[in-house]
Amino acid sequence: MDRIDKITQQWANQRPDLDISSMGLIGRLSNIVFHLTREMEKVFAQFGLNRSSFDVLATLRRAGSPYTLSPGDMLTTLMVTSGTMTNRIDQLEKIGLVARHPNPEDGRGFLVSLTDSGLALIDQAIEKHVANQARLVEGLSPEEQASLNQILRVFLASLESQ
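Residues numbered from 1 in each chain as written. Predicted model: local features only at pLDDT ≥ 70, side-chain atom pairs only at ≥ 80, totals over all residues. Heavy atoms only, no water.

**Overview of unusual backbone geometry**
Along the chain, Ser 65 connects to Pro 66 via a cis peptide bond; the corresponding omega equals 15°. Considering the arrangement of structural elements, one finds Pro 66 in the loop between α3 (51-62) and β1 (68-69). Phi is positive for Tyr 67, which is not a glycine, with a value near 55°. Here Tyr 67 lies in the loop between α3 and β1. Since its relative accessible area comes to 17%, Tyr 67 is described here as buried. (Helix = DSSP H or I, 4+ residues; strand = E, 2+ residues; numbered from the N terminus. Buried < 20%, exposed > 50% of the residue type's maximum accessible area, 1.4 Å probe, protein only.)

See below:
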């Protein structure tokens, strides 16, 4: 019995009229997210990054050469507001990891590109990040990982369709 079981048992004792069957699942998912986030932030910090800055650099890197996107293209991937995106780009530009330049297809807009320093940094960071992710899930067999991934895919799709 883990601490989530203890919490749900207490609720079942105190409020037997409530169906708390989902409470354990959501409680465990929340705790897993907390632990994963903490461990991933440690890796990002080794490179002077946080989750937000890592996500912007990784999005540009995944785009492929020339590692350039419009802020709007990044918004769809990162699911943040335009103001948040502007702030993230500003911060990364100040430290020389990204550069803005005019968008030739939209005279009012601009594009964001990884600088050479940004590319070198994200390539180093992604290697450590991937190794860290593998370490974090090594408590599950490959079959368990595949099964959990499929279940979470269905769960996420159900939430995103609501």
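**Comments concerning the pattern of salt bridges**
Counted under the stated rule, the structure contains ten salt bridges. Its salt-bridge partner being Glu 93, residue Arg 100 comes within 2.5 Å of it at the nearest N-O pair. When its relative accessible area of 26% is taken as the criterion, Arg 100 is described as partly exposed. Of the residues examined, Glu 93 reaches a relative accessible area of 31% and is grouped as partly exposed. (Salt bridge = Lys/Arg side-chain N within 4 Å of Asp/Glu carboxyl O.)

**Some remarks on the sheet that holds strand β3 (residues 106-114)**
A sheet is described by the order of its strands in space; here three strands give the open sequence β1-β3-β2, paired in antiparallel fashion. Looking at the sheet topology across the chains shown, the edges are occupied by β1 and β2 (98-103). (Pairing = 2+ DSSP bridges.)

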